[in-house]
Each structure stands twice: as structure tokens, then as C-alpha cells.
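Chain by chain, the residues:
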Amino acid sequence: MPALAFSPSSLHCSRSSKSSYDAIVQRKSLWATFALSVPPTTAPASLYSLRERVGLGSGGQRVTAEIANLLGFGWYLDWAVRPAGFRSAGVSYMPMIRLKDGQIHPSGDALLAAVDALPGALWLIGNEPDVKWQDSVTAEAYAEAYHGLYALLKGRDPTCQVAIGGVSQPTPLRLRYLDRILEVYRQRYGQEMPVDVWNVHNFVLREERGSWGVDIPPGMDDAAGRLYEIGDHDDLDLFRRQLVEFRRWMKERGQQNKPLIVTEYGILMPNEYGFPPEAVRQFMLGTFEIMRTLRDPTLGYPADGGRLVQRWCWFSLQDDRYPTGDLFDPNSGRLTFVGEAFARYTQP
């Protein structure tokens, strides 16, 4: 099941005045224009090719060699652990261990068999533990689960890497949630939490208890965080700012010399809320250029030329409940309008 970044039951009562495409175009930042007019170019000290950087979440559509060739992505995830899923020399798979309400899945022999079948994999521990309708885990429970899983994974396969679960968006409220996880881990286990790869989602959604959006992380008493509006959902300047803020947070905690991956983001709002296919295309290409080109030697990953983001994952290949950003139409067997733009970007 793909990650949901807002409650379906609350979205329908939160319409915005943002309803015309003209308003969207007027609001676009220069990032979108830059992405549409400038093809990808080679940048110095790059750890990855463009294809290796760009990934997707498979959603309800199974990844096949044909789809991988059509879209030209280099990696994918499916919010689960499926060792038998598609992999190739050019496409890698990132398994995700779920922690829904504190229950680890898969676990036991099934997890050990998956580790054996996926040597050297990058394992994601949890999906949006900060969101009550996703894995919904308190900081204390997350630190405990991560400690046990990290030891199990490394003990079974010393060549694997382990990434922290991605919070829904790197806002001050959710960075405090992450700080609490790190603090609990330090207090319980007498050491810093070992994170091989940092991971975050980068949605722009409202943080308000009982409202639409991503609500408040479990175990926190706040009533609200950033009160984004629906019209902010595809704001490229906000998208960029959150990445800079997260990298700054990483540096302040001694984590600058670690890779950062963005394992989920996209457009969840429907067309009728003011997000037609052309707007989704502009947003997607704008974000690709932000993450491909955003560099700061004082914040970014030194091994990757100071880039802030190393790899990213679009939501999604296909999803029945949130189809606005779909790249593939299973009924026609063809790429969508947005999917065609994705393929042109990865295979210029």
C-alpha cells in the first residue's frame, strides 16, 4: 500500500479558492521555467548518473522491464519488502520494513530470508512514522524498533545500508520529532543513532490537529505546526526551502557527511483543486532540477560535489486513490502526459 500523506476523509471538506490554471501559472517560481528550458547537464564530482538519481514509488502498478525502459528510472520502492520484485543491472530496489502502530513487518524468518535475497540493499525503516494514518509510531517506539532492526540487518548482511524512515515533510515540528528519536536512542543505548543514509519525504501539507494534511506526530502535544494551504502544495520555493532546512538540521547534528535521499513526494491534490496535468508536469520538472542542481559546500554531501540531495522518488507510477501524479495508465498500457515528461527528462 502506498503512503498517504493526508486523510481522505478530511480532504473533501478543505477546498481552496485555487481553482484556475491561470492562477497556478502566475504563481510558479523561476525553478519551473528553468526546468522546462534547460536540459540536464553534467555537474562536477557526481556520485550518480541522472538515471541513478531518479526513482519512483510503484503504487498499484507492478514494475516491469518494459515500464523501466519506458520511463528510464534507476531505482524504485513499493512500501514493502518483495525480494522477487523486478531488478536489473540498471534498476535497483529499496525494500521498506513497515512499523505500523509499532508492529514490525516483515519480521522473523521472513525478514531474514529477504535480507539473504537482497544482499547489499539499502533498507528503509518505516514509512512516515510521524503520520497517524501511516506507520504512526512515537519517537520512543521508533528508536527501539530501529535499534533492533539495525543490528539484525547488519548482523545478517554487513554489506547492506540502513536509512531512517522518511517523515512526511522536514518542517520544524517534524524535526523536533526526529530530535526526540535521536535523544531517546542516545539515552537508551548510550551512543548516537547509527544512520547510514538520511531519508525524508518532501510534501507541502498542513500541520494542524484534526485538520487536513499530516496532522501532528504521535506523542507530541502541539496543536499546530506550519499551516500550509492547499495552494502551497506545489510551491517550488517551499519545496526547496524544506530541503535546505533539513540539510542544515543534519549539519547541526554532525550528519553533513551522509547521503540524503527523498523517498516520496509529488502532487496528491486532485485536478479540480487546481492541479491539472500541465501544472503537475511543471512541478515535477521543477523539483527534478532543484534536486539535481542544488549545491552548497557548507551544507551538502561533500562526496557528491556539495549536492543537498543524492537521489529522489516521485509519487507515483500509478495509484488509484491519488492518481494526479500518475506516470502510467494501466488501462491503455501507455505513459500519461506526466509520464511522458518524466521519460523525456531521464532520457534526453
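Values in this document were obtained by computation on a predicted structure and should not be read as measured data.

1. A closer look at the overall build of the protein
- Looking only at helices and strands, one finds 11 helices and 11 strands in the protein.
- Counting every position in the protein, which comprises 348 residues, the buried fraction comes to 59%.
- Long-range contacts, defined here as pairs at least 24 residues apart, represent 70% of the contacts in the protein between residues at least 6 apart.
- Carbon together with sulfur atoms contributes 51% to the accessible area of the protein, which is approximately 13700 Å² in total.

2. Focus: the packing of helix α7 (residues 139-156) against helix α8 (residues 172-189)
- It is at 8 Å that the axes of α7 and α8 come closest, and there the two elements cross at 55°. Classified by the angle between their axes, α7 and α8 sit oblique to one another. Considering the relative orientation of α7 and α8, their crossing is right-handed. In this structure, α7 uses A139, E140, Y142, A143, E144, Y146 and H147 to contact α8, whose residues at the interface are Y177, R180, I181, V184, Y185, R188 and Y189.

3. Brief notes about the sheet that holds strand β5 (residues 122-127)
- One open sheet holds the three strands; their spatial order is β4-β5-β6, and the pairing between them is parallel. Only two strands of the sheet have a single partner each, and these edge strands are β4 (96-97) and β6 (161-166).

4. Observations concerning the side chain of D235
- As for its placement among the helices and strands, D235 is situated in the loop between β7 (198-201) and α9 (236-252).
- Accessibility expressed as a relative area gives 18% for D235, which makes it buried.
- In this structure the side chain of D235 is engaged in a polar contact, spanning 3.0 Å, whose partner is the backbone nitrogen of L238.

5. Observations concerning the pairing of strand β1 (residues 54-57)
- Here β1 shows a buried face lined by V54 and L56 and a second buried face lined by G55 and G57.
- In this sheet, strand β9 (residues 311-315) lies alongside β1 in parallel orientation, the contact comprising four bridges. Across the sheet, the residue bridging to G55 is C313, located in β9.
- Note: β1 against strand β2 (residues 75-77), three bridges, orientation parallel. In the sheet register, G57 faces β2, and the bridge partner there is L77.
- At this point the chain moves from β1, through helix α5 (residues 65-71), to the parallel β2, and the crossover so formed is right-handed.

6. So, α9
- The end-to-end C-alpha separation of α9 is 25 Å, in line with the 24 Å expected for 17 residues at 1.5 Å each.
- Taken together, the buried positions of α9 are occupied by L236, L238, F239, Q242, L243, V244, F246, R247, W249 and M250.
- The backbone nitrogen of D237 has a side-chain oxygen 2.9 Å away, supplied by the residue at the start of α9, namely D235.
- Once α9 finishes, G254 follows within two positions and takes phi at roughly 75°, a positive value.

Analysis parameters
Residues numbered from 1 in each chain as written. Predicted model: local features only at pLDDT ≥ 70, side-chain atom pairs only at ≥ 80, totals over all residues. Heavy atoms only, no water. Helix = DSSP H or I, 4+ residues; strand = E, 2+ residues; numbered from the N terminus. Buried < 20%, exposed > 50% of the residue type's maximum accessible area, 1.4 Å probe, protein only. Contact = heavy atoms within 4.5 Å. Areas by Shrake-Rupley, 256 points an atom, 1.4 Å probe, with all protein chains shown as cover. Axes fitted to C-alpha atoms, helices over the stretch in contact; angles between N-to-C directions. Parallel < 35°, antiparallel > 145°, perpendicular 65-115°, else oblique. Left-handed = near helix turned anticlockwise from the far one by under 90°. Pairing = 2+ DSSP bridges. Polar contact = N/O pair within 3.5 Å; in protein donor to acceptor, adjacent residues only side chain to side chain. Right-handed = clockwise from strand over helix to strand, strands pointing away. Expected span 1.5 Å × (residues − 1).

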